[in-house]
Amino acid sequence: MPQDIVERVDGLVHPETQVRDHGIDLTVSAIHEVVGPGRIDFGEDELQEAEFEPHELTTRNPGDEYQWWELDAGQYVVQYNEFMVGEGAARLLLQPRNKLMARGASHPTVTVGDHLPLMPLSVGGAGLNVKENARISTLVPVHAGPDAVDDGPLDSETTVVED
């Protein structure tokens, strides 16, 4: 993992586990439910944020240090513990971990610049239980061809993440 990418991410819960050869795993700090609609329009003069409420956490066993979000099938919004700092030339790709997708949940894959967005999370089937600080996403470098300003074709080669 290139050191300049590691230096762009702060707030790691356990760097020894999260920083891997191919990328940096990101962890959940909060899961929200959308309880009121947002608005978006062409001119962006009527933009309005959606209303969120934190999803309830539950304890599975007395004495547990961390709690769980018990999610039914549906749409949620995830906030990460980690955040971006400084600036770097490398583009980064934020993608769901294979372990998340194998359990019937996913989120979009997006390019990341100077901040980590709130991430929509889709949970299917019978739902998903997510423990506090669970690793659900991976931030990986994107290796690309000529910049768009060169007017050349963008020949993108993205790192494939294996959990």
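This text follows the structure it describes.
In this numbering scheme, every chain counts its residues from 1 along its sequence in written order. Totals for whole chains, interfaces and linings use every residue, but because this is a predicted model, local features are given only for residues with pLDDT of at least 70 and side-chain atom pairs only at 80 or more, for both listing and counting. For the side-chain quantities, the full set of heavy atoms in the structure was used; hydrogens and water were omitted.

### What about the overall build of the protein?
Here comes step 1: Comment: elements are numbered from the N terminus, with helices defined as DSSP H or I runs of at least four residues and strands as E runs of at least two. What the protein contains, in helices and strands, is three helices and 14 strands.
Here comes step 2: Contact between two residues is taken to exist if any of their heavy atoms lie within 4.5 Å; hydrogens are not considered. A separation threshold of at least 6 residues defines the contact pool for the protein, and within that pool the share at least 24 residues apart is 62%.
Here comes step 3: The Shrake-Rupley method, run with a 1.4 Å probe, gives the accessible areas here. Residue values count only the displayed protein chains as cover. Total accessible area computed for the protein in this model is approximately 9,800 Å², and 48% of it derives from carbon and sulfur atoms.

### Overview of the sheet that holds strand 4 (residues 57-58)
Here comes step 1: Strand pairing is assigned whenever DSSP detects at least two bridges linking the two strands. Strand order in this open sheet of three strands is 4-5-12, and the pairing throughout is antiparallel. Among the strands making up the open sheet, the edge pair consists of strand 4 and strand 12 (128-131).
Here comes step 2: As defined by bridge partners, strand 5 (residues 68-71) adjoins strand 12 across four bridges and the pair is classed as antiparallel. Note on strand 12: the bridge partner recorded for Trp69 is Val130.

### So, the layout of surface pockets
Here comes step 1: Taken as a whole, the largest pocket spans an internal volume of roughly 390 Å³.
Here comes step 2: What lines the largest pocket is a set of 20 residues, and nearest its centre among them are Arg97, Lys131, Ala134, Arg135 and Ile136.
Here comes step 3: Broken down by element, the residue count for the lining of the largest pocket peaks at four residues, all from strand 12.
Here comes step 4: The nonpolar class holds Ala, Val, Leu, Ile, Met, Phe, Trp, Tyr, Cys and Pro. Asp, Glu, Lys and Arg form the charged class, and all remaining residues, Gly among them, are polar. Grouping the constituent residues of the lining of the largest pocket by class yields eight nonpolar, six polar and six charged.
Here comes step 5: Points on a 1 Å grid over protein atoms alone make up a cavity when a 1.4 Å probe fits among them but cannot get out, and a pocket when they form an open set with protein on both sides within 12 Å along at least five of seven lines; lining residues each have an atom within 4 Å of a point. If you trace the second largest pocket, you find it lined by Gly38, Arg39, Ile40, Leu47, Gln48, Glu49 and Ala50.
Here comes step 6: The residue makeup of the lining of the second largest pocket, split by class, is three nonpolar, two polar and two charged. Grid points are joined across faces, edges and corners, and a volume is the space filled by probe spheres set on the points.

### Focus on the environment of Asp10
Here comes step 1: Among the structural elements, Asp10 can be located in strand 1 (residues 9-10).
Here comes step 2: With residues near it in sequence (within four places) discarded, Asp10 still touches Glu82, Phe83 and Val85.

### Some points on a negative patch on the surface
Here comes step 1: Where like charges cluster on the molecular surface, the negative patch consists of Glu33, Glu51, Glu53, Glu56, Glu70 and Asp72.
Here comes step 2: Mapped onto the elements of the fold, Glu56 is located in the loop between strand 3 (51-54) and strand 4. For patch building, the residue pool is restricted to those with more than 30% relative accessible area and no salt bridge; the joining distance is 9 Å between like charges and 5 Å between nonpolar side chains (Val, Leu, Ile, Met, Phe, Trp, Tyr). Salt bridges, as used here, are contacts in which a Lys or Arg side-chain nitrogen is within 4 Å of a carboxyl oxygen on Asp or Glu. Positive charges come from Lys and Arg alone, negative charges from Asp and Glu alone, with His and the N- and C-terminal ends not counted. The location of each charge is read from NZ of Lys, CZ of Arg, CG of Asp or CD of Glu.

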